[in-house]
Amino acid sequence: MMDEELANWRSAWLAEVDPPALLPDIRRMAEREKRRMVLRLGGQLLWSLALLGVSAWWAWRWRSLESVLWAAVIWILTFAAARFAIRNTAGTWRSAGQSTAAFVDLTRRRCHASLRAVRFGRRLLAVNLAIVVPWLSWDFARCNLPGRNYAIGMVLTAVLTAGYLIAFAWLQRKKLAELERLNRFDEERGYSGGMRY
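Thresholds, definitions, all that
- Residues numbered from 1 in each chain as written.
- Predicted model: local features only at pLDDT ≥ 70, side-chain atom pairs only at ≥ 80, totals over all residues.
- Heavy atoms only, no water.
- Helix = DSSP H or I, 4+ residues; strand = E, 2+ residues; numbered from the N terminus.
- Buried < 20%, exposed > 50% of the residue type's maximum accessible area, 1.4 Å probe, protein only.
- Contact = heavy atoms within 4.5 Å.
- Axes fitted to C-alpha atoms, helices over the stretch in contact; angles between N-to-C directions.
- Parallel < 35°, antiparallel > 145°, perpendicular 65-115°, else oblique.
- Left-handed = near helix turned anticlockwise from the far one by under 90°.
- Expected span 1.5 Å × (residues − 1).
- Phe/Tyr/Trp six-rings, centres within 6.5 Å; stacked < 30°, edge-to-face > 60°.
- Lys NZ or Arg CZ within 6 Å of the ring centre and 35° of its normal.
- Core = buried A, V, L, I, M, F, W, Y, C linked by side-chain atoms within 4.5 Å.
- 1 Å grid on protein atoms, 1.4 Å probe; cavity = no way out; pocket = protein on both sides within 12 Å on 5 of 7 lines; lining within 4 Å.
- Points joined across faces, edges and corners; volume = space filled by probe spheres on them.
- Nonpolar A, V, L, I, M, F, W, Y, C, P; charged D, E, K, R; others polar.

Caption draft 1: The arrangement of the overall build of the protein chain in detail. Counting its regular elements, the protein chain contains five helices and zero strands. The secondary structure elements of the protein chain, listed N-terminal to C-terminal, are α-α-α-α-α. By residue count, 30% of the 197 residues in the protein chain fall in the buried class. Put simply, of all contacts in the protein chain between residues at least 6 apart along the chain, 70% involve residues at least 24 apart.

Next up, the structure:
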């Protein structure tokens, strides 16, 4: 009898339209995150277009094998990143319903998508470093790149790498904390943490 009552209570809660006080304004949070997702995706698209345009211009302007190879690398990595961004956000734009559980699930899916993006970003950064550092060093060793430009390139690479790593660590901490908050919410409601609805 107790299990049946608990199952009925759980079904009623999952069908709730109004979010409970324990998870304030989950709908508003989901809408705000959707706006941020649009801005991030739009910013990534603009950055991608800028990279593609500048690299194409550079290759056309200098018309050397090296400039064409640089442009090709930039185009390949840019398309790979854009493809990942689009596929990673698929299914995270809307909740399946208007219930509290649907918004909690949407928030959880968005957190997981952000964590996947951090992992992908770190891997893409490693690939970029594996290309840029040897390429600059090779140009410097062949005397095609003056020492001052080589130093500027290496410092710029180090600064950008540090900035990306800091941003990735911040985002990872934020999303893990958000997942922990969702798991605590589930536990307070008497469900196992991380449960998908």
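Caption draft 2: Spatial organisation of the packing of helix H2 (residues 26-62) against helix H3 (residues 65-89). Running from amino to carboxyl end, H2 crosses H3 at an angle of 165 degrees, the nearest separation of the two axes being 9 Å. If you check the angle between H2 and H3, you find them roughly antiparallel. Crossing geometry of H2 relative to H3 is assigned as left-handed. Every residue of H3 that contacts H2 at Met37, Leu41, Gln44, Ser48, Leu51, Leu52, Ser55, Ala56, Trp58, Ala59 and Trp62 is listed here: Ser67, Val68, Ala71, Ile74, Trp75, Thr78, Phe79, Ala85 and Thr89.

Caption draft 3: How the structure looks around helix H5 (residues 147-188). With 42 residues, H5 extends 61 Å between its outermost C-alpha atoms, agreeing within 8% with the 62 Å of an ideal straight helix rising 1.5 Å per residue. Three or more residues of H5 are buried, namely Tyr150, Gly153, Thr157, Thr161, Phe168, Lys175, Glu178, Leu179, Leu182, Asn183, Phe185 and Asp186.

Caption draft 4: Fine view of the packing of aromatic side chains. Taken as a whole, this structure holds seven aromatic pairs when the rule is applied. One aromatic cluster is present, built from ring pairs that chain together Trp57, Trp58 and Trp62. Cation over ring: arginine 61 sits above tryptophan 62, and NZ or CZ is 4.7 Å from the ring centre. The ring of tryptophan 138 has arginine 142 lying over it, and the distance from NZ or CZ to the ring centre is 3.8 Å.

Caption draft 5: Molecular detail of the nonpolar core. In terms of nonpolar packing, the biggest core is built from six residues, these being Val104, Cys111, Leu115, Leu179, Leu182 and Phe185. Going through the elements one at a time, helix H4 (100-141) and H5 are the ones with two or more residues in this core.

Caption draft 6: Expanded view of unusual backbone geometry. Of note, arginine 63 is a non-glycine position whose phi angle comes to about 45 degrees, a positive value. Examined against the element boundaries, arginine 63 turns out to sit in the loop between H2 and H3. The class for arginine 63 is exposed, based on a relative accessible area of 59%. Backbone geometry at cysteine 143 places phi at a positive 65 degrees, although glycine is not the residue there. You can see cysteine 143 is positioned in the loop between H4 and H5.

Caption draft 7: Structural detail: H3. Across its 25 residues, H3 extends 36 Å between first and last C-alpha, which sits within 8% of the 36 Å expected from 1.5 Å per residue. Within the span of H3, buried status applies to Ser67, Ala71, Leu77, Thr78, Ala85, Asn88 and Thr89. Tucked inside the fold, the buried residues of H3 contact H2 and H4.

Caption draft 8: Expanded view of the layout of surface pockets. Looking at the second largest pocket, its volume works out to about 200 Å³. Taken together, Met29, Ala30, Arg32, Glu33, Arg36, Thr107, Arg110, Lys174, Lys175, Glu178 and Arg181 make up the lining of the second largest pocket. Of the residues in the lining of the second largest pocket, the class split is two nonpolar, one polar and eight charged.

None of the figures reported here should be taken as evidence of function without further support.
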